[in-house]
Amino acid sequence: DLDEEDDSLVADQHDDEKDDLQEEEFAGDLEEEFDDEDLLLGVSVVEESDPRSDLTEDAKRRVRKALSGSLRRQDVLVHLNNLTLTGEDMLRLRPNQWLNDEIINCYTTLLQERNARVLEDENCTWPNSHFMSTFFYARLVSTKDGEARYDYRSVRRWTRKVDIFSKDVLIIPINHENFHWACAVIDMRKKQLIYFDSLGGKNTTVLGHLQQWLRDESLDKKKVALDVEGKGWEQVFPGSAVPQQTNGDDCGIFACKFADYYTQDRAFDFGTEDMGYFRMRIVAELLAKRAC
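In this text, all values refer to a predicted model and were calculated from it rather than measured experimentally.

About the cut-offs
- Residues numbered from 1 in each chain as written.
- Predicted model: local features only at pLDDT ≥ 70, side-chain atom pairs only at ≥ 80, totals over all residues.
- Heavy atoms only, no water.
- Phe/Tyr/Trp six-rings, centres within 6.5 Å; stacked < 30°, edge-to-face > 60°.
- Buried < 20%, exposed > 50% of the residue type's maximum accessible area, 1.4 Å probe, protein only.
- Lys NZ or Arg CZ within 6 Å of the ring centre and 35° of its normal.
- Pairing = 2+ DSSP bridges.
- Helix = DSSP H or I, 4+ residues; strand = E, 2+ residues; numbered from the N terminus.
- pLDDT = per-residue confidence, 0-100.
- Contact = heavy atoms within 4.5 Å.
- Disulfide = S-S within 2.5 Å.
- Axes fitted to C-alpha atoms, helices over the stretch in contact; angles between N-to-C directions.
- Parallel < 35°, antiparallel > 145°, perpendicular 65-115°, else oblique.
- Salt bridge = Lys/Arg side-chain N within 4 Å of Asp/Glu carboxyl O.

Asks: Can you lay out the packing of aromatic side chains for me, pointing to particular residues and giving the numbers?
Replies: Throughout the structure, instances matching the rule amount to 15 aromatic pairs. For the pair Tyr277 and Phe278, a centre-to-centre distance of 5.8 Å together with 50 degrees between the ring planes defines the contact as tilted. When sorted by exposure, Tyr277 lands in the same class as Phe278, which is buried. Feature note: the residues Phe196, Phe254, Phe258, Tyr261, Tyr262, Phe268, Phe270, Tyr277 and Phe278 constitute an aromatic cluster, connected by ring pairs. It is Lys257 that lies over the ring of Phe278; its NZ or CZ is 4.6 Å from the centre. Stacked on the ring of Tyr261, the Lys or Arg Arg266 has its end atom at 5.8 Å from the ring centre.

Given below as structure tokens:
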């Protein structure tokens with residue numbers, strides 16, 4: 001094991017490398033030109049098991065190309081199932097930019113594929129997880145004249161191909177009033193509905209609607225009344241006990257990382273200082289179409 005001094009040196013070196021990478025990515029001066037096909041080739045990180053691993057040199061070139069602004073904004077950079085990301089979408093991962101639905105949905109699709117991949121190993125202890133689209137909650141609860149209206153019928157068919165009650169964890173991205181991203185989690189193992197918010201918010205309305213959805217889903221799909229307000233079920237609001245943003249731009253990255261870490265049963269050991277690196281890594285993983 002490294003002693004405390006060595007740990008500090010390694011951390012400082014890694015921070016310096018991340019800073020250098022950020023400066024490189026956004027300098028706007030591309031030293032190397034390569035075919036656009038290269039954007040989708042290769043792996044993205046040196047060590048897949050490390051959530052802060054350095055990007056490979058190829059991945060750095062791909063990230064630099066995608067974020068340079070040199071690609072046409074309407075060009076499709078990523079096809080992923082029925083989802084696409086354009087050059088304009090990818091620019092949302094530059095610093096000080098808000099994420100959109102397309103970025104978050106493509107990223108959680110990669111997390112879904114990762115979850116299925118790692119669970120093929122019978123020794124894997126990760127929770128069996130299912131990731132909902134950003135549009136799920138917006139369809140479940142619409143707002144008209146300032147009033148939230150719950151409508152189970154709007155999403156009844158969304159789970160026709162998945163038994164949510166066979167899952168350990170459900171991830172539901174939440175777009176709060178179209179200006180702030182949070183991450184709701186339903187943990188079937190713990191009988192908890194959890195609201196992770198990088199601004200410390202405690203949205204009881206969202207979790208109340210998700211409780212109602214669980215009841216309706218159980219009645220519709222299982223023909224069984226599920227008592228999610230009793231038998232040990234609880235709403236959990238960690239508030240500021242989870243990593244918090246210090247700007248107005250990184251809520252989407254925090255929401256993505258809450259989903260990423262929770263579905264690995266990994267502690268939230270990141271902070272606002274990691275957001276620049278996470279933006280780079282998400283770009284690299286999207287282009288490689290593989291979450292690590």
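Asks: Can you break down the pairing of strand β1 (residues 76-80) residue by residue, with the values?
Replies: Examined bridge by bridge, β1 and strand β2 (residues 83-86) share four bridges and lie antiparallel to one another. Bridge assignment links Val76 to a residue of β2, and that residue is Thr86. From the end of β1 to the start of β2, which pair antiparallel, there are two residues, and Asn81 there has a positive phi angle of about 55 degrees.

Asks: Account for the confidence of the model for the protein, with residues named and values stated.
Replies: In the predicted model, the protein carries a mean pLDDT of 87, and the fraction of residues at 70 or more is 85%. Across residues 1-13, where pLDDT falls below 50, the model places two contacts with residues more than four positions away in sequence or in other chains.

Asks: Give me the state of the cysteines: which residues, what numbers.
Replies: Two cysteines, two sulfur atoms, one covalent bond between them: this is a disulfide. In the structure shown here, the tally under the stated rule is zero disulfides. Cys251 takes part in no disulfide bond, and the closest cysteine sulfur, belonging to Cys256, lies 9.8 Å away. Judged by its relative accessible area of 4%, Cys251 is buried. In this structure Cys256 comes out as buried when scored by relative accessible area, which is 2%.

Asks: Quick one: what's the story with the packing of helix α7 (residues 251-262) against helix α8 (residues 275-288), residue by residue and with numbers?
Replies: The interhelical angle for the contact between α7 and α8, taken along N-to-C directions, is 75 degrees, at an axis separation of 11 Å. What the angle tells us is that α7 and α8 run roughly perpendicular. Here Ile253, Phe254, Cys256, Lys257 and Tyr261 of α7 lie close against α8, whose contacting residues are Met275, Phe278, Arg279 and Ile282.

Asks: So what's going on with the pattern of salt bridges? Which residues, and what values?
Replies: Side chains that differ in charge, positive against negative, can pair when their charged atoms come close. Scanning all chains against the criterion turns up 17 salt bridges. Across the pair Arg189 and Asp265 runs a salt bridge whose closest N-O atoms are separated by 3.2 Å. Pair noted here: Arg189 is in the loop between β7 (180-187) and β8 (192-196) and Asp265 is in the loop between α7 and α8, with a separation of 76 residues, a long-range link. You can call Arg189 partly exposed: its relative accessible area is 38%. Among the residues examined, Asp265 registers a relative accessible area of 44% and is labelled partly exposed. The partner of Asp260 in a salt bridge is Lys257, with the nearest N and O atoms 2.8 Å apart. Of this pair, Asp260 and Lys257 both sit in helix α7, three residues apart, which is roughly one turn of that helix. You can call Asp260 buried: its relative accessible area is 5%. It is possible to trace a salt-bridge network through shared partners that takes in Arg156, Glu217, Asp220 and Lys221.

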